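Breakdown of the fold
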Amino acid sequence: MKQLGLYCSRCSAKLPFRYQDMKCSCGGTLLVDYDLERLSKTFTKEALQTRYPSMWRYNELLPVSNPDCIITLGEGWTPLVRLQNWELKLPIKQLWIKREEQNPTGSFKSRGFSVAVSLLKEAGATKAAVPSNGNAAGALAAYASHAGIKASVFIPLDCPPLIVEECPLYGADTFLVDGLIHDAAAIIEAGKQEQGWVNVGTLKEPGRVEGKKTMGLELAEQLGWTFPDVIIYPTGGGSGIIGMWKAYHELKALGFVDGPMPRFVCVQEEGCQPIVDGMLPQAAMDLAGGASRPSPTGMRVPQPPDLPLILSIVKQSGGTALALSKSQIADATRTLGTQGISSSPEGSATWAGLIELCDNGWLRATDSVVLFNTSHAMKYAQLESICSVPRIRSYADYKALGY
Ligand SMILES: *Cc1c(COP(=O)(O)O)cnc(C)c1O
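Note that the coordinates shown come from a computational prediction; the quantities given were computed from them, not determined experimentally.

1. Remarks on the sheet that holds strand E6 (residues 127–131)
- Strands sit in the order E8-E7-E6-E9 across an open sheet of 4 strands; the sheet is parallel. Of all the strands in the sheet, the pair left with one neighbour each is strand E8 (173–177) and strand E9 (198–199).
- Sheet topology places E6 next to E9; 2 bridges connect them, and they run parallel. Note that in E9 the partner of alanine 128 across the bridge is valine 198.

Spelled out as structure tokens, the structure:
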């Protein structure tokens, strides 16, 4: 067994490792604790150089003890692409995009569920359930079926049809819920005793944050063991931000990176913006909250399970939070598309956020910025048509279009 423990991100209490129930008695979230001092003696940057390009190259910083229980479909070590054309146009120094849509289930949710399902296997669980706006459901479905674990997934009924259909394809019991993600979560909580489900919802178990942590580990390694000045990340439940913040602290404790923490920017869609509202002073908050109906994306989480933790990370890092409109997000999808990058509304929101932070002067000329493209456009294609495509039968029809 690895020498693992848990620590409370709010009151710092230390507890023995466990597979479920990540709430401390103080209300804070429990996170996995590694003996970093001991690890720093044997785990080196050099050792990593000869390892396979997978997020499991960071095995020492992942909580799965039994290597036979690792459930992998090829997740992680996604490309970090530099957008040099835009560096010349925008008032920043460097611009990168981390292509998380290239994960096995088409979104970065693969990372979290690779670790979470490995832990389920290690703990001998046979049934798991998740409430999800789609991508977490698809990832649980894929990894659980690969592991021989039965998955049940509960998805708000307006979520993108292609994402929903992926779940039964992977063999999951799939249900559309007439409500939002917290209504789906309530169904799992009500039934988990009777059905024998492990709830693998956000911050309910230790694996998903640890899996998403590898985004931060990879980013640092791909940038030559440095962190960018700014990370722009589409935030819903917050496990990605929490994971990357944890990655930063662990790499610092191991002596792998130096320098200040990246400024974390959370982007959300207008109308469902608890992080943006939480960053405002109380008086302003009462006036906040857009009237528009937010799209069913991974950012639509009205009640993140540990909002105070997300807010403290954003504030500590000197970051900020932004709500973008549907039309800003749609424009961003087209702009990224014309650079050869297929981005989901969440990934596009990072671009929209970048442009707004350039326009309002928040970004500095010396900043290096990394955007997280968390999923690709195709999964959302049936939700709203992104580009209109004419129908023709003949060359005359083509000419009639004015070409
Ligand atoms: C889940 C999801 C998000 C939100 O991520 P969190 O780490 O839960 O805040 C963003 N983008 C996509 C595509 C998602 O599926």
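After that view of the structure, there is still more to cover.
2. Some thoughts on the pairing of E6
- For E6, a buried count of 4 out of 5 residues is recorded, marking the element as mostly surrounded by other parts of the structure.
- Pairing analysis gives 5 bridges linking E6 to strand E7 (residues 150–156), with the strands arranged parallel. Paired with alanine 129 across the two strands is serine 152, which belongs to E7.
- Crossover handedness for the path E6 to helix H5 (residues 135–147) to E7: right-handed.

3. A look at the environment of glutamate 269
- Along the chain, the position of glutamate 269 falls in strand E11 (residues 263–269).
- Along the backbone, glutamate 269 and leucine 15 are 254 residues apart, and their C-alpha atoms lie at a distance of 37 Å.
- Filtering out sequence-adjacent residues up to four positions away, glutamate 269 remains in contact with Arg293, Pro294, Ser295, Met299, Ala323, Leu324, Lys326 and Ile329.
- Reaching out from glutamate 269, the side chain makes a polar contact with the side chain of serine 295 at a distance of 3.0 Å.

4. Focus: the layout of surface pockets
- The volume enclosed by the largest pocket comes to roughly 850 Å³.
- Forming the walls of the largest pocket are 49 residues, and the residues nearest its centre are Pro131, Gly201, Thr202, Leu203 and Pro305.
- Every element with two or more residues in the lining of the largest pocket is listed here: H5, helix H7 (181–195), E9, helix H8 (207–222), strand E10 (230–234) and helix H9 (239–253).
- With 5 residues, H7 is the largest single contributor of residues to the lining of the largest pocket.
- Residue composition of the lining of the largest pocket, by class: 18 nonpolar, 22 polar and 9 charged.

What counts and what doesn't
- Residues numbered from 1 in each chain as written.
- Predicted model: local features only at pLDDT ≥ 70, side-chain atom pairs only at ≥ 80, totals over all residues.
- Heavy atoms only, no water.
- Pairing = 2+ DSSP bridges.
- Helix = DSSP H or I, 4+ residues; strand = E, 2+ residues; numbered from the N terminus.
- Buried < 20%, exposed > 50% of the residue type's maximum accessible area, 1.4 Å probe, protein only.
- Right-handed = clockwise from strand over helix to strand, strands pointing away.
- Contact = heavy atoms within 4.5 Å.
- Polar contact = N/O pair within 3.5 Å; in protein donor to acceptor, adjacent residues only side chain to side chain.
- 1 Å grid on protein atoms, 1.4 Å probe; cavity = no way out; pocket = protein on both sides within 12 Å on 5 of 7 lines; lining within 4 Å.
- Points joined across faces, edges and corners; volume = space filled by probe spheres on them.
- Nonpolar A, V, L, I, M, F, W, Y, C, P; charged D, E, K, R; others polar.

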